[in-house]
Amino acid sequence: MTKYVYSFIEGNRDMKDLLGGKGANLAEMVHLGLPVPSGFTITTEACRAYLAEGKTPETLDVEVTAHLRSVEEEMGKKLGDAEDPLLVSVRSGAKFSMPGMMETVLNIGLNDQSVEGLAKQSGNDRFAWDSYRRLIQMFGKTVQDIDGDLFSNALHGLQERKGYKGDLDMTTEDLKELVAEYKAIVREQTGADFPQDPREQMDLAIEAVFRSWNTDRARIYRRRERIPNDLGTAVNIVTMVFGNMGETSGTGVCFTRDPSTGHSGVYGDYLINAQGEDVVAGIRNTLSLADLEKIDPKSYKELRDIMNRLETHYRDLCDIEFTIQQGKLWMLQTRVGKRTPAAAFRVAAQLVDERLITTDEAVTRVTGEQLTSLLFPQFDPKAQKVVISKGMPASPGAAVGEIVLNNDQALARTQAGASVILVRRETNPDDLAGMVAASGVLTARGGKTSHAAVVARGMGRCCVVGADDLVVDENAGTVYVRSKDRTFNAGDVIAIDGTTGEVFEGEVPVVDSPVMTYITHGLEAGLAASPDDDTKELVTAVHRILTHADEVRHLEVRANADTPEDAIRSRAFGAQGVGLCRTEHMFLGDRRKLIEAVILAETDKEREDAFEALVPLQKSDFIGIFSAMDGLPVTVRLIDPPLHEFLPDLTEMTVQLALKKERGEEITEHEKKVLAAVRATHEQNPMLGLRGVRLGLKIPGLFALQIRAIAEAAADLKKAGKDPRPEIMVPLIGSVRELQIIRDEAEVILAEVSEASGVELSIPIGNMIELPRAALTADDIAQESDFFSFGTNDLTQTTWGFSRDDVESAFFNEYFDDAIFGVSPFETIDVHGVGQLVQAGVERGRSTNADLHCGVCGEHGGDPASIHFFHKVGLDYVSCSPFRVPVARLEAGRAAISNEAE
């Protein structure tokens, strides 16, 4: 029989798959002897069963009852007892942290009778009724799907009528009045009274947490973070401890290091007389942990000791939630904390220096996506800026955009091509879609641990919180700045600095980040470009980690480059060659007419003349690229696209000629020939038609001109004392015989050029693997090939039967929603389908050619998750766009270390 419920003492931190991150870490803290309220965890397996069947497993009820009774015995109380009630929280907790994306309900067990018992036992009527109104509000919104604004409006309406500034001003009688209002809202919205049975409350809350796994915001978050949709969430039932029992109570969130900068020290937020959601929601501006030291030095010292102990135990920056109930400290959660990209690199380097982790581990503690964020431009420190407000810097970066005040505005303006800043009084989980769309987030309320700050840091999004002189009026579409007595409207442009917390009027110019300067010009230049010691520390940390990644990685990193400028840029980024040089790009622009002449040629002489005109131009192109990559390999792909791409569009040309005829103008013989050629080359599915190697076989001399240009360019450079290393790559091979024909032709040309120039040429000839048949017959093809390069873009299209240009907009959203994809197979390699073909191609190819060099040159070559797969299947290199080269270098190092650890 499947076990669905575990007490905290039964778990540990290695059981995240089953108990979720929160449950596993609560269990770990219990084993460490830390003060954790009694409770138990319902597994992710139970959630998956519920989502599959639409009901909880039969045995779950029984297991929950048994564990609940154990908690009741330990606490000496019964759930919802009228005299001395046990209250519990019902909290979500997935394997991967999804802050604010799923549901939590506090104070389960309160009803019209037990609220009186709680008041009596605590001696604090206000606390009891405050807890009851919170339960009804959270339960109504979370479990009963009631619009949360109805409760918020009732709360703010009461405060306005009484002239209160905030929650703490409300009296016991006010809270009783609010409870009555909330219960009326529940009755009006659901047609039933608020449930009074404590066990019914708990059971309904458990199901609501299960359902919250599939809310829109949770799906959006998982899609962005690439978290699989089939994991499900665990549910934690935890005895309530109360931070809202008066001035000696409170609740907070802290980090063992600053998650924004990575600096060591005391970082966190604390609220007196509050419950946990008040801190995260950002509805009140918080106190610092330094303030807690003055208010409650005993609890502060105990908390600091625990923080140090947890960081040493987890050997990483820890995120901790705690509550103080009448001077007693309780630990409610810990996890490895989300952090900004800058903090990730600083903390990793610091932990190496503190001898808590190895340099190998430091490489695995950062990601390519985090490095990418550090390469983005930042505000020009020399630019003139008009500061209009200042808040807390919650997530670094420089963001410029139009003010938008809600999700709809954010999505509409970004879809129209605008950059936007989402401005909110405070954010909540429902704002995720707007946060994803926005370039930056600005809130009037909240601290460094508020929802906006936590989620923005996780996404690498620039964020400023707690700019408390802003009055955000979504209905009016305005943001009023009290300190400046100025009003800004939705659509006005502002800029925010997530490093300083400053908010600027209008656009602010940006410059390269010091990390980018380091990547392209070296450590000394990066340090010289750093405006302060903090930035120098960051640049040094990136240098240390990236250098070690380069030392340990097995995969070479090349770049996709079609021009000398691209090649020079790639080399500056650390590329070890060009893995894909697309020659068709050289035929565009002014040269389109020359390739058009090849297509229109009616005799061998006309075709040869057209080729003769192209050879010196191609040779010049190759000389430029080979020179830029001197001493490094350059893989030149022979012309690949269908011929129609070099001719006018059929529909457009037909219309133009029809209009010309209508005006009485004569259609020239050349136009007639072009139209005939356009019609002759028109295909219903050109990507599977006359392209790649098929072109080289169909049009005699086409590949020959390119091969000759490559050979002559290499010969000329060798004579000049250079070290060109070209490789010739034949596209769209499906049969070994196709490659044999082209190889034979190429070897004749290479021999001719070598003899004519007096230069020995040794140029490898290989092919792309873009078709399933090529992967499956790789053992045959490898006998004629020096290298394979997997074109995973086309291999994905031909394996799935997708036309990328059509399917992504046509139905991919539905595929995401239905969990057919967790991520687009064009972004990350489909390891179970396309990946199996890559693996088969490598294994079969090397079975007949042990020296076969294998790489990848599709978009996947720069994707972090795909790079790990390519390392595992034994590729020799990945090739990606120049900007992704540093990311690929880091991820290749991470892949090597992770693979050895396995």
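Above this text sits the structure in question.
Reference entry: report on the structure contained in this document.

What counts and what doesn't
- Counting from 1, residues in each chain are numbered in the order their sequence is written.
- Thresholds applied to this predicted model are a pLDDT of at least 70 for local features of residues and 80 or more for the giving and counting of side-chain atom pairs; totals over whole chains, interfaces and linings are not thresholded and use all residues.
- Remark: hydrogens and water are excluded; side-chain values derive from all non-hydrogen atoms of the structure.
- Paired strands are those between which DSSP finds at least two bridges.
- Secondary structure is summarised from DSSP: a helix means a run of H or I of at least four residues, a strand means a run of E of at least two, and numbering begins at the N terminus for each.
- Here, two residues are considered to be in contact whenever any of their heavy atoms come within 4.5 Å of each other.
- Helix axes are fitted only over the stretch in contact, all axes being lines through C-alpha atoms; the angle between N-to-C directions runs from 0 to 180 degrees.
- Burial classes: relative accessible area under 20% of the type maximum marks a residue as buried, over 50% as exposed, and values in between as partly exposed (1.4 Å probe, protein chains only).
- What counts as a ring pair is set by centres within 6.5 Å for rings of Phe, Tyr and Trp (its six-membered ring), and what kind of pair is set by the plane angle: stacked under 30 degrees, edge-to-face over 60, tilted for all other angles.
- Think of it as a cone above the ring: NZ of Lys or CZ of Arg counts as a charge over the ring if it is within 6 Å of the ring centre and within 35 degrees of the ring normal.
- In this scheme, a helix's expected span is set at 1.5 Å multiplied by one less than its residue total.

### As for the sheet that holds strand S9 (residues 264-272)
What holds strands together in a sheet is hydrogen bonding between their backbones, with the strands either parallel or antiparallel.
So, step 1. Spatial strand order, S10-S9-S8-S11-S12: 5 strands in an open sheet with antiparallel pairing. The sheet is open, and its two edges are formed by strand S10 (287-288) and strand S12 (328-336), each paired on a single side.
So, step 2. Bridging between strand S8 (residues 250-257) and S9 involves 7 bridges; their strand directions are antiparallel. Of the residues in S9, the one forming a bridge with cysteine 254 is glycine 268.
So, step 3. Those strands touched by helix H12 (residues 297-314) are S8, S9, strand S11 (318-325) and S12, and its axis lies near 25° from that of S12.

### Here's the deal with the environment of glutamine 684
So, step 1. Looking at the element boundaries, glutamine 684 is found in the loop between helix H26 (669-681) and helix H27 (693-698).
So, step 2. Exposure remark for glutamine 684: the relative accessible area of 76% places this residue in the exposed category.
So, step 3. As for glutamine 684 and arginine 708, which are separated by 24 residues in sequence, their C-alpha atoms are 33 Å apart.

### Some remarks on the pairing of strand S7 (residues 233-239)
So, step 1. Within S7, 7 of the 7 residues are buried, which leaves it mostly tucked inside the rest of the structure.
So, step 2. Alternating positions in S7 separate into two faces, Thr233, Val235, Ile237 and Thr239 on one and Ala234, Asn236 and Val238 on the other, with burial throughout.
So, step 3. Direction of pairing for strand S2 (residues 39-42) relative to S7: antiparallel, over a ladder of 4 bridges. By the bridge assignment, phenylalanine 40 is partnered in S7 with isoleucine 237.
So, step 4. Bridge analysis of strand S5 (residues 88-94) against S7 gives 7 bridges, and the strand direction is antiparallel. Its bridge partner being in S7, serine 92 is matched across the sheet by valine 235.

### Structural notes on the side chain of glutamine 797
So, step 1. By secondary structure assignment, the location of glutamine 797 is in helix H32 (residues 792-800).
So, step 2. Owing to a relative accessible area of 16%, glutamine 797 belongs among the buried residues under this scheme.
So, step 3. Glutamine 797 has contacts with Phe802, Ser803, Arg804 and Phe826, leaving out every residue within four places of it along the chain.

### Side note on the packing of aromatic side chains
Aromatic rings considered in pairs are described by the distance between their centres and by the relative angle of their planes.
So, step 1. One pass over the full model with this rule turns up 23 aromatic pairs.
So, step 2. Considering the side-chain rings of phenylalanine 622 and phenylalanine 626, the 5.8 Å spacing of their centres and the 10° angle between planes classify their relative orientation as stacked. Residue phenylalanine 622 and its partner phenylalanine 626 are both found in helix H24 (residues 604-628); the two are separated by 4 residues, about one turn of the helix. Grouping residues by exposure puts phenylalanine 622 and phenylalanine 626 together as buried.
So, step 3. Put simply, the rings of Trp800, Phe802, Phe811, Phe812, Tyr815, Phe821 and Phe826 pair up and form one aromatic cluster.
So, step 4. Its guanidinium or amino end placed over the ring of tyrosine 314, arginine 13 lies 5.1 Å from that ring's centre, counting from NZ or CZ.
So, step 5. In this structure, lysine 385 is placed above the aromatic ring of phenylalanine 504, and the distance from its NZ or CZ to the ring centre is 5.9 Å.

### Brief notes about H12
So, step 1. Relative to the 26 Å expected for 18 residues at 1.5 Å per residue, H12 spans 26 Å between its end C-alpha atoms, a close match to the ideal helical length.
So, step 2. In this structure, the buried side of H12 is in contact with helix H1 (16-31), S8, S9, helix H11 (289-295), S11 and S12.
So, step 3. Among the residues trailing H12, arginine 315 stands out with phi positive, at a value near 55°.

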